[in-house]
Structures are given as C-alpha cells and as structure tokens.
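Analysis of the macromolecular model
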Amino acid sequence: MSRVYGANELVEDVQRRGICIGCGACVDLCPYFKNYRGKTALLFPCTLAEGSCHAYCPMAEVDLDELSLKMRHKPYDGSPLGPYMHILTSRAGKNMPQSPYQSGGTVSALITFALKEGVIDAAVLTGREGLVPSPKLVTEPEEVLKCAGSKFMASPTLAGLNQGAKKGFRRMGVVGTPCQALSVTQMRNNPMNKDDFVDPVELVVGLFCTWAVDTRGFLPLLSAYAEGTSIIGIDIPPPPSDIMVAHTAKTRFEIPLDMIRPLIPRACRICPDMTAEWADVSVGVLEGKPEWNTLIVRTEKGRQLVDAACKDDYLIKDDMPLENLQHLCLAATNKKRQALNQAKEDGLLNTGEAGNHAAFRIPEGVVKRILTQNPEEIC
Amino acid sequence: MGKVPLVHDPYNMIITGVGGQGNVTASQVLGNMMSREDLYVTIGETFGASQRGGSVMSHLRVSSETSWSPQIPRGRAHMIMALEPIEALRVLVDYGSPETKVLCNSRPIYPVGVIAGDMEYPSQPDLRTYLEELTEAVWIVDATDAALRLGDPILGNIVMIGALERVGELPIRREDFKSVIAQILTADKIDMNLKAYDRGTELMRN
Amino acid sequence: MLILTEGREGERYLLMGNAAIARGALEAGVSVATGYPGTPSSEIVDNLARVSKERNLYVEWSVNEKVAMEVAAAASFAGLRSLCAMKQNGINVGSDFLLHLAITGTRGGMVLVPCDDPGALSSANEGESRHFARMLEIPLLEPGDFQELKDMVKWAFELSEAIHNVVMVRSVTRLSHASGNVTFGELSTFDTQAHFEFSGAFLDSRQGPVLSLPVAYKHAQQQAKLQSAMGMFEESPFNTYSGPVNPELLIITSSVCHLYAKEAISLLELKDRVGLLKLGTTWPLPPRLMEQHLRSTEKILIVEEVIPFLEENVKILAGDLATQIGAKTFFGKNDGTLPRVGELNPDLLVNALTKILDISYDPVSQAYVNRAKELAFRGAPSRDLTFCSGCPHRASFWAIHNALEMDNRAGFVCGDIGCYSLAMFPCGYGTLKTLHAMGSGVGIASGFGKLNLFGMDQPVLAVSGDSTFFHAVLPALVNAVHNDSDIILVILDNSGTAMTGFQPHPGLPIDAAGNAAPSVDIPAVCEAIGASVRFSDPFDLEETQNILLDMLNEGKGVKVLVLRQICALSPERKAGRMYDMALDESLCLGENCGCNRLCTRVFKCPGLIWDKEKKVAKIDEVICTGCGVCASVCPSNAISKREAI
C-alpha cells in the first residue's frame, strides 16, 4: 500500500536524509517548493497531512510493485532492463538536422516529430540558463534542438511539467531521467485520488543514467576551466577512459572523474534504474558507435511513435548487436544490485515507521533475487 | 441647562480598539468635550508600535477634584467604549468589574492569528453573552456600518461618541461636540461628523 | 484654532504632554528646536514645526540626535534659546557631544528633553536618560504632570541661563503621550540678534572660544554650576509635599509615578498616614530639603521608573546624614517591593503599600478576575503586530525571505530600527535575525561579512530604512566598503520616517516646516561610497526576488538594493488607492494541496480573511488598501487587480 504524506514529511524523509535528486517533481505544484541552481527548498511549512509533493517524489515511499501492477498490469520483477517490447539502435533521420547531438539525436528526432504531428501539445525538456540546467516547456518543433545535449547535472525538469499542467496542456511529452520517468508514472496514477484528475502526459522519453552531478558543486569546477556560456557540450567517453570531456567553440578540456565523483548525489547511489524502465521509450548511448543510440521500446505508444517517425524519415533504426545488449544488461544489473545494497544499508528500503519512512518498497522475494542472481547467467 | 453630573468621581472610561481606528481621536474629542472649568480630565494613551495592528487603549479620567493618573487602576473602569468588539472583553480582564458598562461596535477586525486560522474569533451572540456575564450593561451598535453608509469607515468612532451620549453617564452634549470639532476640523468635514454623531444617538434609540 | 499659539494666558486647555512641552518652550521664547523622530518624543518638534513660520522659529529634524544637539548648541552659543527633543536612545547617540557640551557650557538657554519609554511600549529597550545627567554633571528636572511639563520646560531655560549649562528635562511616555489640563502663561519672543562672540580670553567661557580645555579647570567650573543649581533647588516650587508632618511612611517619587502614588494613597485611604514627597529637581538632590523630609519618618518608599536612580541617590544622601538623622528603612526596587523592570502603574503602588503597611485591598474578587480571564481566553484572540495593509515592507520581506530560502545557504538579515523591525515576527516571515540600534544592521553585517576568513559561508544581508540610512548607516556602509566586507544592503525606501508619524528626512525634498529643501540622493551616495546599486519596486515580487538571487550569487563586495515604494500611511498613498481588488471564489484553492491557504495563513495581509464556512479567502474591503501584491501571491490566479480610477 503506497503511503502518501505531506510536505513536512517530504523534507524529513528526503531532503534531511540527503536523498533529494532535484528532479523538480515537487516544484511548482504549489508555491512552497522551489528549485534554484539545483537545490530544492521548502519556502514555508505546509500543514497538510498529505500532498502531491510527497506522492510524486521518486525517493519517498515509492511502492514499485503496486505502481507496476497499476500502470503496467504486471508485478515488478526486478529484471535488469525493465519491461520492453524491442531493443534497437537508432539515430536522427534525414528530415532532422544532422548535428549537434550528444550521440545519435534520437530524442530530438522523436520529440520534434511528435510535436510536428501533434502527438504531443508541448514538450517538457531541459535547457540551460548559462550553465544551470532549467526546465523548458517547448511547443514549436524548431525550439527542440536548443535543448539538445546531456547536461549531466540533476535538473528540476519536472517543474516544467507542473507548469505545463497549470497552463492547460493535456498531451505533454516529457524527456527525463529514470527518476523523473518514475515520478511522472506516479503522477499519472492519481495518487491523491482526485475525482477531477486528468492525465496531462501523453508520452515519456527516458534517458539512460548511471549518475548525475550536483549543480552547485559542478559549476565552480567547470567555471575554473571555461566561462559558463561558452561550454557547448559535455561528454563522458566509455571506459576505460576515466575523464569527463567538455567543449567550447574553440577548445576542449578534460576533468578527471575522480574530481566529479564526490559531486554525485546520494540519491543516485540508491537508484536501481539505469535504463528509465518507466518510460514509453528509453534512449542511451551505443557503445562503440558514438553517432548512434540504444533505443528501448517499452509500450505500444512508444512503438507507434518510433514506427511513424521512421516512416517519415525522422528516425533511422537498426538491430541491436548481441554483445552490446549483453554489456547493457550487465551494467544495468550491477547498478540495480549496488543500489539496493546501499539502500538497505542506509535503511531506505522497505522500512516502516514514522521518522523512518522508506524510499522504495520492493517485494522481498524480488529484492532477494536481484541481490543473489548471477549477472552472467541472466544477461 | 444642566449637564449630566459625574456618576463616579473620578469617572473612568476606557476607549479601546485596534490601531488605526481613530481611538486617539475619539479620546481627544471626548476629553475636550468634558474639559470644563470645574472638571479635570486626564487621558492616557499607548500609540506607536502598537498601532501596527495591535490593540490600543485610551484611559480617560474625569474628576471634579483633581488630576488623576493616566492609567486607571485595576478593576476600576466604569465604562468601556470599544471600537472593536473583542477588545472590550480583553480590557475587562484587568480593568473590569461587575459594575462596568460596555458600549461596543459590532464590526470585527480579525487579528492576523485568526485570519491565518490559528485562532477562533467568537460569534457576536457568544461575545454578547460573555460581556453580559461580566458587566452591568452592554450595548452593541453597528457603528462601522453606519459610518460606511455615510461614506467613510473612520467615522465609526464619531458614531460611537454620539451613542455614548445616550448612555447618559457622562457630562457630554451635542453642543460640546460641535464646538470641539469646529476647533479641530476644517469646515468641509464638520457636517459629516455631525451626521455621524447624530447617527450614533439614533442607533441607541432602537 | 491652533491652541498651541492662540491659547492665551490664564486659559485652561486639555493638552497632550508633548504639546505642553512645546507650549512651555514657546512661552520661554525659544528660537531653535531640533530633534530626531522617536516615540514618545516626536510631537514636540512636530508641534513646533507647525508653528515655526508664525512664531519665527527654526525647527529642524536633524539627521540624528547627536547632530540635533550640536545644531541646538550652536543656537545657544549665538545667544538664542534652543530646545532639543528625542527618545531615550537619543541621549546615548549624542552622549559624546553632550559630555563635551557639559564641560564647555552654554550661553542662550538650552534645554534637552529626552522622553523615556519605561516598559518599552514603543522601543526595543527601556534604557534611561536620567543617569546621563548625573554622569555628565548637568541638572535634571522631572515634571510630574501636564502643567509641570509646560512650567518646568519654561523654567529650565531660566535655569540654563543662570548657570550657563544645558539642562535636562526628562519626560516619559505616560506624560508625553497622555493628555491633561494645562493653564497657559504668556507667549514671549526673544528679540536677540544671533551672534557668536569668541573674541574674549581663552579661559572666558562666555565671551571667548567654546572649548572644554583646560579640562580640570573647566570641569571644576562645571561642578560649581551644578552646586549653584542645587542651591536653587532647595526652594523650588516643583518639589512638593502633601501628607502628615510625621508620616508613618514617606513616599519619595518623581515624574508620572507621583500620580500613581497619589492614586494609590487615595484608593487605600492613607492620606493621614502616608506622606508624598514629589521631587521635580532630581539631580542634584537638594540636601537640606531632603534632610528635612528624611528626618520626619523611619520608613521610606522610593518610587521611580525604571532602575533605582533616585533610590540610590537618596540612600547615599541618607548615608552621609546618618549620624544626624539616624538609620532608616528603605523600600523600593533594591528590596523587591517594586519590580526592577517595566513601567509602574497605580496597582503596583497599591501592592507595595499593602505589603509595607500590612493592609488588604481587593477592588475586584479573584473569582471575577479568573472568570474574565477564562472568557477572554475563549473570546479575545490576541493581536500580533503586523505591517499595515498595503505596506511595502510586507512585499519586500516576502521577496527577501523567499530568495534566501531558495538560495539555500542559511543566509540571514541583520535588522535595524523602524517599522521594518517588525520583520523579526511572523508578519515579516521572521526574516530579521539580529536587532539592536539605529545603523546596527549594517554595522553587524559589516562584521559578519569578513568572517569568511574563518570559514563562514552564509550570505550576509542587512536592511535599512531611508531615514535610518542618514542617521547611522552611512559610517557603517563606508566601513563595509573600505574593509571589503561581502554584504548586501537592502534599503527599504518608503519616503519618510514612518514609524514615528511620517516625518521628513534628508532624502526628501521637504524639511520639518514643510518648506522645499534640497534632498540627498541615497543611491548616488551609495555609489559614491563604492557600493554597486540596483533598484526594484518591492510590489513586483518576482523581479525583486530574481534580482536578489542574482546579487546573492554574483561576485563579492558591498551591494545595495534599493526597494522604493511609498508608505501605506503616507498622505499620498492614503489619498488614492492604486488598485481595486477582486477575489474569484470559484478559483480559490483554499485548504487544498496546491495552496494550503497561502494568502491568509502565510502571507498574512490583514486585508485578506479566511471564510471558514465557504472555505475560501475573501478581501476585507474596509482594511484592504489596494496595493495589488496579493494578486501575485495567489497560486491559482483567483485574486485580480484593476487600476482604480
């Protein structure tokens, strides 16, 4: 039974315990939670015992099994890559500009296409103000590309979704990280049992994510190398490289990952979802082919969109090589296992009483399986 | 033409309300109305910070013998004129006695604590019951409503003064009011203030 | 009719204490009056300013009390009579000058009128001015009622000219802000041409330069002056006694306390047992008069506000006289008969007398009091202080508070003195975290802003009003700039000295008398000092908040943000409302998630009320002044504003 509490509990359960990821789910639902430069703050105490903020938060009393049963009509099984229909590779088609993309441009292509065709009435994307990531509500297809490119910083993108819902958009497309996709799924489940609830989201595009960095810690680091607005791209090359690379128009510089790792929020270390299991489609890099994406199609809606985009030359798809698939599966399994171990150690998994609410609830049998299975065997 | 003699000497009256209601003006007008050759008047006020939404009190002493202190002793208020209803009750704790009489405006000004939902504001029937239990007589008049109909809520305090004349305990008359306001107001305001005063006396006839 | 100037000799009027003081000054032919607005003194200069043209006076609201004293002293040096009025804090502010003035002496009569605030009814302290008279060795007079406020101020000028030194006449809130009957004397004018004579010998304080050196010589002269005053006090009509020749108990008192004592004696019917010695000349105490009265009894109760100044001086005298008059039993503050803090009232006197004389007195039954308390608990919810409806400070602190929360680094605001001091309370969202004296906000912030040297990483802010800026903030701001302190100063410019009655200050183009006057531009001064300056209208909540967030996160040094919007009580604002407000109840989210009564529970403008039955907010049309800010606060756009015609 998923438990919903209020804003004060949200502060206790999530912020005070250091597991806020700054996803923006609680921001702009009301005037009390606001995010500034990556930190979410409660401006005034709220006296309500239950609130949407706590209900939507991906780190507060999330019952993954219940959510899965309600939204996916099957139990949460803890499989490495989550439920899916197909796993493909893809990249932007000829009707999309060919650059600049983080890798294949699949996300930009799908969203641009969805806006053009009216599948969605607005896109909730992540842009930048200077170097600081900020939510952007986009209605014109031409504006989508401005938000392209991984920010690597945790961004309160879902504040854009909340703003969009207030403005009356009812078929929004959200591009977000796994925690954000999870939050949106909770929102769509009407956790506050409102009679007049209308789901304002049409489509969720998830992004693969192993970890993000805290904006306030990361920005001074970046600024030491180059002035904020001049940075046009950030990337982390695949192992065995141990660096982060950033580009300006003229230069390229490297930051050792050892300097970045301390800036990873604690929330990322307990997050079991690497491939955005709660999205309609999930997109990530394709190892070995920097101009392509890995594309996981999970729902019928996602499949329809991908097929239509390909038909209209917005997207090109291809088969996923087995080796890549195995690597992906291994990485996802490891993240799941590490995360659940950490969550258990921190008392955030399946705990109970007031003052010690759980971040996640997963059936014990599934937890056991995840922690004891041999990754080599299942991938 | 006799004026009403002092029922008590000194006669102690407290004018109370919320900062900004014209409490000070009311006490000054009443004080001047009674400042006759053979009467000593003392008025004690608190204003300044207390005006920012806080409770205010004027202590009015009238005597034929001597000047008294600007603070009325405990339990010695003979009359409480309240421009705001719950202030009458508040004042009774320190200065009331079973012999006290209360003339009270009906219009509430909600404390911010009530507006914020932290506290309850009593209903008028409840408040009247409380006041009647603690005092000898209670009159509640719709002074602010009368003032609003005359065009300016601030005239509420003048309506109350007119009502106070009707209570009959203090040596005040309409002529005194007229000569006092002739001294302190510009000509264009006198008429409106007289109307407010008369409205107050009318309200007490009902 | 303006009673202050048109009232004639022999006529009797009901007058506010401060007006009585002003009348006394006019009857003495004062030429120059200065001060700084401070409750409970402000009406003295306000009154004199109003009649300045008619009576040919120069009246000035000086930048602070020290300068006010200096300006008044100049008039005195030039042979004119001058008066300087302030609240108790002002004596502290001007004490450095006063220390030296007391040594140099004065020429034309100069009277200093501090109005103390026992009980801190409108202050952040209940400090005293009386001790300064003793410490600085100048005479102290304390009027005991409204007639004496006038008569003693008038006489103080004569005393000042007799001894050639400044005289302190101390009033208190319960006299200055109270009203009583005063019989007038004759108005007079001084037909002196102002001239500063300094050609005499170096040591000649009347005709030579005005100097405190040589100090020992001048100090000895100062003490001789005080002795001379003491001699005059022996016969002063302002020291009165009533009661039996040999009272069972002698009350020695001064100031308004004598009215409390008189009342208590009457209530307890002790006129034949208790004697009341009311002293008007309380420093130095006239020894022969004191001896005469101390002799008459064994028991003495000393009554004063606040700390035992009179009590200790009387005890010292009694100690000196012990061999002549014998040992006495003293009651007062030191033995706990009267409380050591707060103001007095007739009931505290009654308690003291019933205790000392072992009698009982119950004006009202305990049962009544208990029942009244019970009903009041239920029926009279307390009134927290709040900003007026339409006050720009509410909007300013909303933006400041929210910006600091969003910035999320435990930033804080050092407070200062004015209406905005209320921001330490919930009405200002508890934003102020320190509060001391005028200018202390920037002073303390200047200190905090250097502590990054010791690892402090919290943003430091200070607030100041426009009047406060000129009073004491300037030197502190220079300090911050020169010492490279990282602070943000938010100047809350509401175009006046609002808390005390909206007096003008150097930032405005008018003076105390209402004449046009050159104004000093606050932002230009800040820039000239070396701070960077930005502006915003506090009623534009979002803009103000964004500018603050930028300032909090960009660069080092001293930054100033000027929030300019006129006070809700100013004549200009009262003359015409900006907006007509409307609330659409169908859009109000009320207690629901998404709002939780933000406007009535958190924003708390008294113009908004919560309807418990309908469960929606409403606008109270009597209280609302139409500033329009709540329309930006409401998260569901239920409140709308329309420009008023």
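These numbers were taken from a predicted model, which means no experiment stands behind them. (Residues numbered from 1 in each chain as written. Chains lettered and ligands numbered in written order. Predicted model: local features only at pLDDT ≥ 70, side-chain atom pairs only at ≥ 80, totals over all residues.)

Moving on, we get to the overall build of chain A. From N to C terminus, chain A includes 13 helices and 15 strands. With respect to the principal axes defined by its C-alpha atoms, chain A has extents near 55 × 45 × 45 Å. Every one of the 379 residues in chain A was classed for burial, and the buried ones make up 51%. (Helix = DSSP H or I, 4+ residues; strand = E, 2+ residues; numbered from the N terminus. Buried ≥ 20, exposed ≤ 12 C-beta atoms within 10 Å, placed from the backbone.)

Of regular secondary structure, chain B possesses eight helices and six strands. If you list the helices and strands of chain B from N to C, you get β-α-β-β-β-α-β-α-α-β-α-α-α-α. The principal-axis extent of the C-alpha atoms belonging to chain B is close to 50 × 40 × 35 Å. Out of the 206 residues belonging to chain B, those deemed buried represent 59%. Sequence separation of at least 24 residues holds for 67% of the intrachain contacts in chain B that already meet a minimum separation of 6. (Contact = placed C-beta atoms within 7 Å.)

A few words now on the sheet that holds strand β10 (residues 243-248) of chain A. All names here are of chain A. On the basis of which strands lie adjacent, the open sheet formed by three strands has the order β9-β10-β11 and antiparallel pairing. One side of each edge strand has no neighbouring strand; the edge strands of this open sheet are β9 (231-235) and β11 (252-256). Adjacent strand axes in the sheet meet at a mean angle of 25 degrees when their direction is disregarded. In this sheet, β10 lies alongside β9 in antiparallel orientation, the contact comprising four bridges. Bridge pairing in β10 links Gly233 to His247. (Pairing = 2+ DSSP bridges. Axes fitted to C-alpha atoms, helices over the stretch in contact; angles between N-to-C directions.)

Residues and elements named next belong to chain C. The element helix α2 (residues 17-27) is extensively covered by neighbouring structure, given that 10 of its 11 residues are classed as buried. Buried within α2 are the following residues: Gly17, Asn18, Ala19, Ala20, Ile21, Ala22, Arg23, Gly24, Ala25 and Leu26. Just past α2, the residue Gly29 takes up positive phi, approximately 75 degrees.

Below, the discussion takes up the interface of chain A and chain C. Taken together, the contact between chain A and chain C spans 15 residues of the former and 13 residues of the latter. Elements with a minimum of two residues in the side of chain A that touches chain C: β1 (33-36) and β2 (39-42) of chain A. Here the residues of the side of chain A that touches chain C are counted per class, giving 10 nonpolar, three polar and two charged. (Nonpolar A, V, L, I, M, F, W, Y, C, P; charged D, E, K, R; others polar.)

The subject of this paragraph is the interface of chain B and chain C. Taken residue by residue, the interface counts 55 residues in chain B and 53 residues in chain C. Elements supplying a minimum of two residues to the side of chain B that touches chain C: α1 (23-34), β2 (40-45), α2 (85-95), α3 (112-115) and α4 (124-134) of chain B. With six residues, the single largest contributor to the side of chain B that touches chain C is β2 of chain B. Residue composition of the side of chain B that touches chain C, by class: 27 nonpolar, 20 polar and eight charged. Relative to strand β9 (residues 179-183) of chain C, β2 of chain B is paired through two bridges, and the arrangement is antiparallel. Bridge pairing in β9 of chain C links Thr42 of chain B to Gly180 of chain C.

Quick look at the arrangement of the chains now. Among two pairs of chains with at least one contact, chains B and C form the most extensive contact set. Nowhere do chain A and chain B come into contact; their C-alpha atoms are at least 11 Å apart.

Within the open sheet, the eight strands sit side by side as β6(B)-β5(B)-β4(B)-β1(B)-β3(B)-β2(B)-β9(C)-β1(C). Their pairing is mixed. The strands lining the two open edges of the sheet, one partner per strand, are β6 (137-141) of chain B together with β1 (12-16) of chain C. Each strand axis lies, on average, 20 degrees off the axis of its neighbour in the sheet, ignoring direction.

With that settled, the discussion passes to the nonpolar core. Membership of the largest hydrophobic core comes to 370 residues, with the highest contact counts inside it found for Leu110 and Ala359 of chain A together with Val113 of chain C. Broken down by element, this core gets its largest block of residues, nine residues, from helix α8 (residues 146-163) of chain C. With sequence-adjacent residues up to four places away left out, Val113 of chain C is seen in contact with Ile21, Ser41, Ile44, Leu83, Cys84, Ala85, Val153, Val169 and Ser171 of chain C. (Core = buried A, V, L, I, M, F, W, Y, C linked by C-beta atoms within 7 Å.)

Turning to the domain arrangement of chain A, a few remarks are in order. Residues and elements named next belong to chain A. Annotation of chain A at the domain level lists domain 1 (7-214 + 265-378) and domain 2 (215-263). Domain 1 and domain 2 are separated by 23 Å when their C-alpha centres are compared. Each side of the interface is counted separately: domain 1 has 16 residues, and domain 2 has 14 residues. Split into classes, the residues belonging to the side of domain 1 that touches domain 2 amount to eight nonpolar, four polar and four charged. (Domains from an automatic or database assignment.)

This part covers the environment of Ile260 of chain A. All names here are of chain A. Following the sequence through the fold, Ile260 ends up in helix α8 (residues 257-260). Residue classification places Ile260 among the partly exposed residues on the basis of 19 C-beta atoms within 10 Å. Along the backbone, Ile260 and Asp214 are 46 residues apart, and their C-alpha atoms lie at a distance of 9.5 Å. The residues contacting Ile260, other than those within four sequence positions of it, are Val213, Met244 and Ile255.

Residue and element names in this part refer to chain C. In terms of residue burial, strand β11 (residues 249-254) counts as a mostly covered element, since six of its six residues are buried. Two elements, β11 and strand β12 (residues 274-279), share six bridges in a ladder whose sense is parallel. By the bridge assignment for β12, Ile252 is matched with Leu277. Tracing the backbone out of β11, into helix α11 (residues 257-267) and back to the parallel element β12 gives a crossover that is right-handed. Taken together, the five bridges between β11 and strand β14 (residues 299-303) define a ladder with parallel strand orientation. (Right-handed = clockwise from strand over helix to strand, strands pointing away.)

Residue and element names in this part refer to chain C. Among the five residues that make up β14, four are buried, leaving the element largely enclosed by the rest of the structure. Sheet topology note: the β14/strand β15 (residues 329-331) ladder contains three bridges and is parallel. Bridged to Lys299 within β15 is Thr329.

It is worth spelling out the packing of helix α7 (residues 174-184) of chain B against helix α8 (residues 187-205) of chain B at this point. Residues and elements named next belong to chain B. Where α7 meets α8, the axes come as close as 10 Å, and the angle between the chain directions of the two elements is 155 degrees. Classified by the angle their axes make, α7 and α8 are roughly antiparallel. Handedness of the crossing formed by α7 with α8: right-handed. In contact with Arg174, Phe177, Lys178, Ile181 and Ala182 of α7, α8 contributes Ile190, Asn193, Leu194 and Tyr197. When grouped by side-chain class, the residues that make up the contact of α7 with α8 number six nonpolar, one polar and two charged. (Parallel < 35°, antiparallel > 145°, perpendicular 65-115°, else oblique. Left-handed = near helix turned anticlockwise from the far one by under 90°.)

Below, the discussion takes up the environment of Glu291 of chain C. Here Glu291 of chain C shows up in helix α12 (residues 287-295). Sequence-wise, Glu291 of chain C and Gly326 of chain C are 35 residues apart; in three dimensions their C-alpha atoms are separated by 11 Å.

What follows deals with the environment of Asn105 of chain B. All names here are of chain B. Mapped onto the secondary structure, Asn105 falls in strand β5 (residues 101-105). Its 28 C-beta neighbours within 10 Å are what place Asn105 among the buried residues. With 70 residues separating them along the chain, Asn105 and Ser35 place their C-alpha atoms 25 Å apart. Apart from residues lying up to four places away in sequence, Asn105 is in contact with Ala82, Leu83, Glu84, Pro85, Val141, Ala143, Thr144, Gly156 and Met160.

So, about the packing of helix α5 (residues 143-150) of chain B against α8 of chain B. Residue and element names in this part refer to chain B. Taken N-terminus to C-terminus, the directions of α5 and α8 make an angle of 140 degrees; their axes are 10 Å apart at the nearest point. Relative to α8, α5 is oriented so that their crossing is right-handed. On the side of α5, the interface is formed by Ala143, Ala146, Ala147 and Leu150, while α8 contributes Met192, Lys195, Ala196, Arg199, Gly200 and Leu203. Among the residues forming the contact of α5 with α8, the class breakdown is seven nonpolar, one polar and two charged.

Here the focus is unusual backbone geometry. Leaving glycine aside, a negative phi is the common case for residues, and trans is the common case for peptide bonds. All names here are of chain C. For the bond from Leu213 to Pro214, the omega torsion is -5 degrees, close enough to zero to count as cis. Counting through the fold element by element, Pro214 comes out in the loop between β9 and α10 (215-233). That bond from Trp283 to Pro284 is cis: its omega, -5 degrees, falls within 30 degrees of zero. Its place among the elements puts Pro284 in the loop between β13 (281-283) and α12. Located in the positive-phi region is Glu137, a residue other than glycine, with phi close to 60 degrees. With 18 C-beta atoms counted inside 10 Å, the residue Glu137 sits in the partly exposed group.

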